[in-house]
Structure formats: C-alpha cells, structure tokens
Amino acid sequence: MTHPIRLLIVDDHPIVRDGLRGAFTGTAEFEVVGVAGDGAAAVERAVELRPDVVLMDLRMPVVDGAEAIRRLRQQAPQVRVLVLTTFDTDHDVLPAIEAGATGYLLKDAPVEDLLRAVRSAARGESVLAPTVAGRLMSRVRRPVSGTLSQRELQVLKLIADGASNREAAAGLLISEASIKTHLLHIYDKLGVRDRAGAVAEAFRRGLVS
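Let me sum up the structure you'll find in this document. These figures come from a predicted structure and were not determined experimentally.

So, how was this worked out
- Note that residues are indexed from 1 along each chain, following the sequence as it is written.
- For this predicted model, a pLDDT threshold of at least 70 governs which residues receive local features, and a threshold of 80 or more governs which side-chain atom pairs are given and counted, while totals over whole chains, interfaces and linings are taken from all residues.
- With hydrogens and water stripped out, all remaining heavy atoms of the structure feed into the side-chain values.
- Starting at the N terminus, helices and strands are each numbered in turn, a helix being any DSSP run of H or I of at least four residues and a strand any DSSP run of E of at least two.
- Contacts were defined at the residue level, with two residues in contact if any of their heavy atoms lie within 4.5 Å.
- Residue burial considers only the protein chains on display, and all accessible areas are found by Shrake-Rupley using a 1.4 Å probe.
- Counted as positive: Lys and Arg. Counted as negative: Asp and Glu, with His and the chain ends omitted from the count.
- Lysine's charge is taken at NZ, arginine's at CZ, aspartate's at CG and glutamate's at CD.
- A 1.4 Å probe rolled over the protein chains alone gives each residue an accessible area, and that area as a share of the maximum for its type sets the label: buried under 20%, exposed over 50%, partly exposed in between.
- Pairing between two strands is assigned when DSSP locates at least 2 bridges connecting them.
- Look down the strands so they point away from you; if going from the first strand over the helix to the second traces a clockwise path, that crossover is right-handed.
- A pairing counts as a salt bridge when a side-chain nitrogen of Lys or Arg comes within 4 Å of a carboxyl oxygen of Asp or Glu.
- Working convention: axes come from line fits to C-alpha atoms, limited for helices to the stretch in contact. Angles between N-to-C directions cover 0 to 180 degrees.
- Note that the term roughly parallel is reserved for angles under 35 degrees, roughly antiparallel for angles over 145, roughly perpendicular for angles of 65 to 115, and oblique for everything else.
- It is the rotation of the near helix from the far one that decides the hand of a crossing: anticlockwise by less than a right angle makes it left-handed, clockwise makes it right-handed.
- Under the scheme applied, nonpolar residues are Ala, Val, Leu, Ile, Met, Phe, Trp, Tyr, Cys and Pro; charged residues are Asp, Glu, Lys and Arg; polar residues are all the others, including Gly.
- Nonpolar core, defined: a set of buried Ala, Val, Leu, Ile, Met, Phe, Trp, Tyr and Cys residues in which side-chain atoms within 4.5 Å join the residues together.

## Describing the overall build of the protein chain
Item 1. Of regular secondary structure, the protein chain possesses 10 helices and six strands.
Item 2. Counting only C-alpha atoms, the protein chain reaches 65 × 30 × 30 Å along its principal axes.
Item 3. At a minimum sequence separation of 6, the contacts of the protein chain that also span at least 24 residues come to 65%.
Item 4. Just so you have it, the protein chain exposes about 10,500 Å², and 53% of that area is on carbon and sulfur atoms.
Item 5. For the protein chain, the separation between the mean place of its 27 positive charges and that of its 27 negative charges on side chains is 4 Å.

## Concerning the side chain of Asp92
Item 1. Position of Asp92 among the secondary structure elements: in helix H4 (residues 90-99).
Item 2. Ignoring any residue separated from it by four or fewer positions in sequence, one finds Asp92 in contact with Leu58, Arg59, Phe87 and Tyr104.

## A word on the pairing of strand E2 (residues 30-36)
Item 1. Among the seven residues that make up E2, five are buried, leaving the element largely enclosed by the rest of the structure.
Item 2. Pairing analysis gives six bridges linking strand E1 (residues 5-10) to E2, with the strands arranged parallel. If you follow Leu8 over to E2, its bridge partner there is Gly34.
Item 3. Tracing the backbone out of E1, into helix H1 (residues 14-23) and back to the parallel element E2 gives a crossover that is right-handed.

## Comments concerning the pattern of salt bridges
Item 1. According to the stated counting rule, one finds 14 salt bridges in the structure shown.
Item 2. For the salt bridge of Glu98 with Arg204, the shortest nitrogen-to-oxygen distance reads 3.1 Å. In this pair, Glu98 is assigned in helix H4 and Arg204 in helix H10 (residues 195-205), connecting sequence segments 106 residues apart.
Item 3. The partner of Lys189 in a salt bridge is Glu152, with the nearest N and O atoms 2.9 Å apart. Taken as a pair, Lys189 in helix H9 (residues 176-190) and Glu152 in helix H7 (residues 150-160) lie far apart in primary sequence, 37 residues in all.

## Focus on the packing of helix H2 (residues 39-49) against helix H3 (residues 65-75)
Item 1. One can describe the packing of H2 onto H3 by two numbers: an axis separation of 9 Å at closest approach and a directional angle of 20 degrees. Between H2 and H3, the crossing angle belongs to the class labelled roughly parallel. The handedness of the crossing between H2 and H3 comes out as right-handed. In this structure, H2 uses Gly39, Val43, Ala46 and Val47 to contact H3, whose residues at the interface are Ala68, Arg71, Leu72 and Gln75.
Item 2. By residue class, the composition of the contact of H2 with H3 is five nonpolar, two polar and one charged.

## A few points about the nonpolar core
Item 1. Within the largest apolar cluster, 29 residues are counted, with the highest numbers of intra-cluster contacts made by Val10, Val54, Met56, Ile69, Leu72, Val83 and Tyr104.
Item 2. Elements that contribute at least two residues to this core include exactly E1, E2, H2, strand E3 (53-56), H3, strand E4 (80-85), H4 and strand E5 (103-106).
Item 3. At five residues, the largest contribution of residues to this core is made by H2.
Item 4. Dropping the residues within four chain positions of it, Leu72 is found in contact with Val43, Ala46, Val54, Met56, Pro77 and Val81.

## Concerning the packing of H7 against helix H8 (residues 165-172)
Item 1. Where H7 meets H8, the axes come as close as 10 Å, and the angle between the chain directions of the two elements is 130 degrees. By the angle between their directions, the pair H7 and H8 is classed as oblique. For the pair H7 and H8, the crossing hand works out as right-handed. Across the interface between the two elements, Arg151, Gln154, Val155, Leu158 and Ile159 from H7 touch Asn165, Ala168 and Leu172 from H8.
Item 2. Class assignment of the residues belonging to the contact of H7 with H8 gives a composition of five nonpolar, two polar and one charged.

So this is what it looks like as structure tokens:
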C-alpha cells in the first residue's frame, strides 16, 4: 500500500487500547485513526473513519465483536477486520470467522506477528493464529452431523424446546444427573460452553428445527 495502513483499535480495556496504539507508533507504515470501547461504537467509528483494518476484540459490552463484524460487513464491507482476543474456543472463533473476519490473532502474539498480520489483513489476506487454524481444520474434518449419540440428540431437542433438566429427565425417564452428564458431552462435541451455545450450534448444524 502506498499510504499508511489506517487502523481502528477496538477493545473495552483502555490499557489494552493504549498498548496497541503504542505498538503502531514510531513508523510511517501505520496510522491509528481512532479507538472504540465496544462493538456498537466500533461500527459507528468505522463507518465514519473508513479505516483499512479494524483490530477487533470479541467479548465487549453493548455489542460483542462477532456482531460488530456482521454489521461492518453490511455497512462498511471494504473494511478488513482482524480479531485480536484472548480466547480461541470454538464458541469464539467460529462466529467471528463466519461473520466475516479477515483474520484471528491472540493477544499473546509477539508484536512483530501483530504487525505482519495487520499488513496481511490490509491486503485482504487471511491470517490465523496457529491454535485457531488447528481448531478450524479439526472442525472441517469433523462430520457435520452424527457426532451426537441418539440419546444426546434427544436431550438436545428437549433443551432446544425449552425443557429444564428436570423436565428433560422426566420426559426421557432418566435422572437429572444423567441429563447433566449428557449435556457435558454435548457441549464438548459441539465445541460450546453452555446450553444457549449448544442450542444455537444445533440449529446451525440442522440437528434441531
């Protein structure tokens, strides 16, 4: 690029924002044009400032990073989004990538890796932290359906219908402890952390309707 790469830094922690700003100062290659502390503000500022790259945290108040990325895809599709976060679980990675993130980097990355990732993102090239790439490869190799047992599917469908653990146990004539065990297995297989994530992932995969 002939002009400096224009950056918008989005993180709900001021210290992190200041640290990131400092990482890009002292060189004519980058220009930090603005900062934001939540996803809603990030979208507003990106539409206003038209940066080349948005460094986007994921877990933020008001609007989270994945939703902000989806909105940016609609309102400022030319802006590249590089996720920079502490989290690399399926629950965090997949929604961000599906929303349209150009890349996904972890906050423990060396500064030079961060600078290199921003350069790549500005060119429209995907860049992924090694652990994230490994998760995505594992997900691709994992069958889309059939990963849950018949009993786990029954539990999942009841939960998706709004049943409590007690109600699900009564419906299947098993104990609440068994329901909890099945749920833990479901979370692990679907790569989620809680009931809401399991239901959302089940709908996404077509396991429930």
